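# Structure at a glance
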There are 2 protein chains.
Amino acid sequence: MTGYFAGRSLADLGRGLRSGSDTSAGLLARALESVDPSLNAFVTLDPEGAAAAARQADEELASGGDRGPLHGVPVAVKDIIDVAGLPTGMGSAHFAGNVAKEDAGCVTRLRAAGAVIVGKTGTHEFAYGGSGDVSVDGPCRNPRDPERISGGSSSGSAVAVAAGMVPLALGTDTGGSVRIPAAFCGIAGFKPHYGAIPTDGVFPLSPSLDHVGVLAATAADCRTAYRALADLPHREDAPPGGGPAWIVPFETDTDVERTVRALFPDAPSERVDLRGLRRVFVGIQDSEAYDIHAERVAEAPELYQPATLARLERAARTSGWHYVRAVRERERYAREVAALLDRYDLLVLPTVPITAPLIGATDGPMGPLQPSLVSLTCAWNILGLPALSVPAGTVRGLPVGVQLVTRRGAEDLLFAAAGTLPD
Amino acid sequence: MTGYFAGRSLADLGRGLRSGSDTSAGLLARALESVDPSLNAFVTLDPEGAAAAARQADEELASGGDRGPLHGVPVAVKDIIDVAGLPTGMGSAHFAGNVAKEDAGCVTRLRAAGAVIVGKTGTHEFAYGGSGDVSVDGPCRNPRDPERISGGSSSGSAVAVAAGMVPLALGTDTGGSVRIPAAFCGIAGFKPHYGAIPTDGVFPLSPSLDHVGVLAATAADCRTAYRALADLPHREDAPPGGGPAWIVPFETDTDVERTVRALFPDAPSERVDLRGLRRVFVGIQDSEAYDIHAERVAEAPELYQPATLARLERAARTSGWHYVRAVRERERYAREVAALLDRYDLLVLPTVPITAPLIGATDGPMGPLQPSLVSLTCAWNILGLPALSVPAGTVRGLPVGVQLVTRRGAEDLLFAAAGTLPD
């Protein structure tokens with residue numbers, strides 16, 4: 001089953017809403033009809049709240065009020081982001097029955113832009129993993145092959161978009177959690193620079209690495225959503241892209257690498273110490289994550305999924321001086337990559353070094369699964385740089401993503417470059 | 001033996017130099033004559049380099065060039081601070097034979113102010129301890145009782161000033177390392193706000209806590225030196241002091257507490273969680289210190305003094321999440337103390353909760369010695385606030401210090417308040 005929103009851009013939807021050929025209430029009905037429970041994308045649907053929002057959106061449009069390109073559009077929100085009045089479950093038994101009192105900052109901005117929040121989408125437990133199959137809500141399933149993982153941690157958001165249930169979803173990305181499921185599900189995922197979208201009301205995983213991001217079918221729709229969420233004025237035009245460099249990946253499936261590389265055959269190869277950056281990432285994420293969870297681990301360890309508890313127990317053993325050293329190395333890497341970005345406008349590499357493995361796998365073709373999943377994405381969280389994943393074709397029938405990275409503030413270079421790629 | 005500079009203020013010395021009754025070369029000779037090797041204050045003397053500097057200072061003054069209140073004054077520098085051409089030994093066998101190539105930033109400023117660097121003073125090994133008796137150079141001895149510790153880690157600087165060998169010395173202060181030996185030796189010690197004096201060329205102990213500070217007989221002389229080191233214009237007048245609050249100390253000798261409290265009998269009592277701040281201090285200092293030392297511990301542990309190695313090995317076991325938590329708590333404490341400093345101009349408490357114990361002691365009357373020594377000082381490193389220790393009398397014949405703390409930028413309130421205390 002393919003949902004209504006497959007192949008429908010935000011621009012298409014906006015035209016329909018403004019021409020009167022469609023209504024927000026109608027789009028909401030399409031979204032709810034498109035939900036395929038077998039894929040386990042949504043953990044909460046809010047038909048009544050959404051209907052009220054859609055009605056308001058329709059009334060505003062009818063009376064000449066126009067909030068821009070998200071006005072009246074159904075949107076899904078990852079279940080670690082608070083939406084007032086709805087449960088925020090974090091994919092964890094720890095938060096059973098937890099109902100959010102207030103909207104997260106990013107949700108406030110979504111509403112201000114006129115979006116209609118359809119419901120909450122499944123997350124890897126506490127967003128602490130890139131596979132999306134570790135959750136009290138059960139695994140999210142990849143629409144391209146439901147026996148395979150969607151990728152995570154913004155698993156349900158990727159699935160909801162990829163299956164056409166909604167045209168747009170909010171995710172969070174601490175080490176790749178927007179881009180990984182986007183790549184595995186064959187859609188676009190974008191995280192802007194660190195701090196561009198507020199993170200209040202988002203349950204923290206690793207505060208110095210946490211980003212809010214967006215998932216949509218295309219880069220262009222990610223851009224539209226990003227500009228609304230970052231409170232930037234909507235602009236139709238992006239500046240032309242500059243020269244790309246190919247960043248040599250590591251521990252990457254050769255077919256994945258070849259497929260992505262073919263999109264930028266002329267880009268010169270450059271090396272960034274992605275392996276060292278992953279080490280820095282792990283040191284920082286583990287220490288910050290355990291700080292968030294220490295009391296829960298002490299008081300109710302049994303409420304975690306076993307895989308999450310095992311990760312946390314390992315995270316607790318990271319030493320303080322390794323954390324301090326990681327923070328120092330982060331600064332050194334930031335200087336190195338800034339120098340590279342003085343010479344190139346774009347850095348290009350695969351989003352994930354492999355295609356989606358089967359649900360429940362703990363090892364992938366390149367070794368232990370979790371570190372493999374983030375190996376090419378987490379560098380850009382450590383450095384806080386804008387990063388976009390867009391579809392790059394398929395390998396053995398499964399989607400592969402190409403990742404584009406640029407300087408802070410040069411987000412539009414990514415979207416311009418994505419616009420030149422073959423569909 | 002009491003050295004020449006005992007009881008001679010910088011203002012006195014400046015008048016002598018400018019009236020022609022004295023010369024910088026003459027003061028240098030007095031300094032060198034005043035050095036008492038039995039106290040082990042200096043680890044390096046530089047009679048030739050100092051003579052050249054003194055000659056230049058005299059020539060400049062004779063030709064009408066005047067660099068201000070430090071012009072021609074003999075100064076000692078702690079042996080973790082680089083002085084070009086002289087050994088920097090860190091009190092450690094690890095740096096035997098290490099000769100500095102360049103002046104530290106604070107030494108550059110000293111020289112620009114016309115000071116004459118007499119030599120380098122002993123430090124607790126790597127400045128990692130508050131007692132001053134753990135060093136490859138042997139213990140520094142307290143001029144008031146040579147069987148007792150001077151306090152540290154700026155041990156030699158405090159001894160050199162307290163014994164009248166020099167009128168002024170540079171120290172560093174990460175948890176109290178200027179103020180503790182100042183209090184134990186009966187002189188004044190001051191650390192300004194974090195970052196006020198550059199730390200380049202100073203061997204790091206815990207970079208987010210390290211401060212350069214000054215030791216002199218009086219608060220007024222600390223102020224003069226501080227203004228030169230912080231590159232502030234010299235001013236004669238300080239604004240009047242505001243209302244003080246008495247910060248209730250913990251684990252403090254009752255006679256020490258009573259003696260210090262008597263100086264501010266009318267100050268209302270307020271509570272700051274000094275115990276919690278010490279816990280935060282230890283978590284941050286240990287992680288940052290081990291990051292600095294990890295390779296040395298791995299490669300040549302036998303070169304450390306046993307007490308230092310034991311501290312480092314314990315420091316290595318601090319966990320990353322404790323560090324992260326400590327950094328978060330530091331921010332919370334900063335807000336709490338800022339609120340207190342909205343109501344009071346000064347916070348007043350003892351500098352050290354005890355008097356100087358015997359050399360080699362590892363326990364004091366309030367428990368293990370090292371944590372006891374920093375228990376009332378380290379809070380102001382965690383918070384980066386200006387803190388001054390000045391003599392507050394004696395307990396059982398040994399000096400006791402009163403510590404004054406204020407807002408960043410309000411350093412002169414400290415000096416004004418110190419000026420109102422009985423001599």
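Calculation rules
Residues numbered from 1 in each chain as written. Chains lettered and ligands numbered in written order. Predicted model: local features only at pLDDT ≥ 70, side-chain atom pairs only at ≥ 80, totals over all residues. Heavy atoms only, no water. Contact = heavy atoms within 4.5 Å. Buried area = accessible area lost by both parts, 1.4 Å probe. Salt bridge = Lys/Arg side-chain N within 4 Å of Asp/Glu carboxyl O. Pairing = 2+ DSSP bridges. Helix = DSSP H or I, 4+ residues; strand = E, 2+ residues; numbered from the N terminus. Axes fitted to C-alpha atoms, helices over the stretch in contact; angles between N-to-C directions. Expected span 1.5 Å × (residues − 1). Buried < 20%, exposed > 50% of the residue type's maximum accessible area, 1.4 Å probe, protein only. Arc of directions from axis to C-beta. Phe/Tyr/Trp six-rings, centres within 6.5 Å; stacked < 30°, edge-to-face > 60°. Lys NZ or Arg CZ within 6 Å of the ring centre and 35° of its normal. Parallel < 35°, antiparallel > 145°, perpendicular 65-115°, else oblique. Left-handed = near helix turned anticlockwise from the far one by under 90°. 1 Å grid on protein atoms, 1.4 Å probe; cavity = no way out; pocket = protein on both sides within 12 Å on 5 of 7 lines; lining within 4 Å. Points joined across faces, edges and corners; volume = space filled by probe spheres on them. Nonpolar A, V, L, I, M, F, W, Y, C, P; charged D, E, K, R; others polar.

Identification of chain A as Amidase from Actinomadura rubrisoli is taken from an unreviewed UniProt entry.

How large an interface is tends to be reported as the accessible area lost when its parts come together. Contact residues are listed per partner, giving 15 residues for chain A and 15 residues for chain B. In total, chain A and chain B occlude about 1,300 Å² of area from one another, counting both sides; carbon and sulfur atoms represent 56% of this. When the area that chain A buries against chain B is broken down by residue, the three leading residues are Asp 291, Trp 321 and Val 324 of chain A, summing to 43%. For the pair chain A and chain B, the number of links is six salt bridges. For Arg 325 of chain A, the salt bridge is made with Asp 291 of chain B, and the minimal N-O distance between the two is 2.5 Å.

So, about the sheet that holds strand β11 (residues 346-350) of chain B. All names here are of chain B. Here eleven strands make up an open sheet; going across it, the order is β1-β3-β2-β6-β8-β7-β14-β15-β11-β9-β10 and the pairing mixed. Two strands in the sheet have a free side with no partner beyond their single neighbour: β1 (42-45) and β10 (269-270). Inspection of the sheet shows strand β2 (residues 74-78) paired to strand β6 (residues 168-173) by three bridges, in the parallel sense. What sits directly across from Ala 76, in β6, is Ala 169. Against the sheet, helix α2 (residues 24-34) contacts β1, β2 and β3 (116-121), and its axis sits at roughly 20° relative to β3.

Once that is clear, we can look at helix α9 (residues 274-299) of chain B. Residues that lie three or four places apart on an α-helix share one face, since the helix turns once every 3.6 residues. With 26 residues, α9 of chain B extends 37 Å from end C-alpha to end C-alpha; this agrees with the ideal 38 Å at 1.5 Å per step. The buried count for α9 of chain B comes to 20 of 26 residues, which makes it a mostly enclosed element.

Residues of helix α10 (residues 306-316) of chain B that are buried: Thr 308, Leu 309, Arg 311, Leu 312, Ala 315 and Ala 316 of chain B. Projected onto a plane normal to the axis of α10 of chain B, the buried residues spread over an arc of 160° and lie on a single side. Buried residues along α10 of chain B sit in contact with α11 (320-343) of chain A together with α9 and α12 (369-374) of chain B.

Enumeration over the complete set of coordinates arrives at 17 aromatic pairs over all chains. Between Tyr 4 of chain A and Phe 5 of chain A the ring centres are 4.9 Å apart and the planes differ by 90°, which places this aromatic pair in the edge-to-face class. Phe 5 of chain A shares its class with Tyr 4 of chain A; the two are buried. A ring pair is formed by Tyr 323 of chain A and Tyr 323 of chain B, whose centres lie 5.4 Å apart and whose planes are at 45°; its orientation type is tilted. Here Tyr 323 of chain B lies in helix α11 (residues 320-343) and Tyr 323 of chain A lies in helix α11, a pairing that spans two chains. On the basis of relative accessible area, Tyr 323 of chain B is assigned to the buried category, the value being 8%. Members of the aromatic cluster, connected to one another through ring pairs, are Phe 95, Phe 126, Phe 203 and Tyr 304 of chain A. The ring of Tyr 128 of chain A has Arg 311 of chain A sitting right over it, with the charged end atom 4.3 Å from the ring centre. Against the face of Tyr 333 of chain B rests Arg 332 of chain B, its NZ or CZ located 4.8 Å from the ring centre.

All names here are of chain A. Put simply, helix α9 (residues 274-299) and α11 touch, their axes get as near as 9 Å, and they point 135° apart. Judged by the inter-axis angle, α9 sits oblique to α11. Regarding α9 and α11, the two cross each other, and that crossing is left-handed. Between α9 and α11, the contacting residues are Gly 276, Leu 277, Arg 279, Val 280, Gly 283, Ile 284, Ser 287 and Glu 288 on the first element and Tyr 323, Ala 326, Val 327, Glu 329, Arg 330 and Tyr 333 on the second.

Moving on, we come to the sheet that holds strand β2 (residues 74-78) of chain A. Residues and elements named next belong to chain A. Across the sheet, eleven strands lie side by side as β1-β3-β2-β6-β8-β7-β14-β15-β11-β9-β10; this open sheet has mixed pairing. Edge positions in the sheet fall to β1 (42-45) and β10 (269-270), since each of these pairs with one other strand and no more. With two bridges connecting them, strand β9 (residues 244-247) and β10 associate as parallel partners. Paired with Ile 247 across the two strands is Glu 270, which belongs to β10.

Attention shifts here to empty space enclosed by the protein. Residues and elements named next belong to chain A. One pass over the full model with this rule turns up two cavities of 30 Å³ or more. In this structure, the largest cavity encloses a volume near 40 Å³. In terms of lining residues, the second largest cavity is bounded by Ala 183, Phe 184, Val 352, Ile 354, Pro 399, Val 400 and Gly 401. Per-element accounting of the lining of the second largest cavity gives the leading share, three residues, to strand β15 (residues 398-405). The residue makeup of the lining of the second largest cavity, split by class, is six nonpolar, one polar and no charged.

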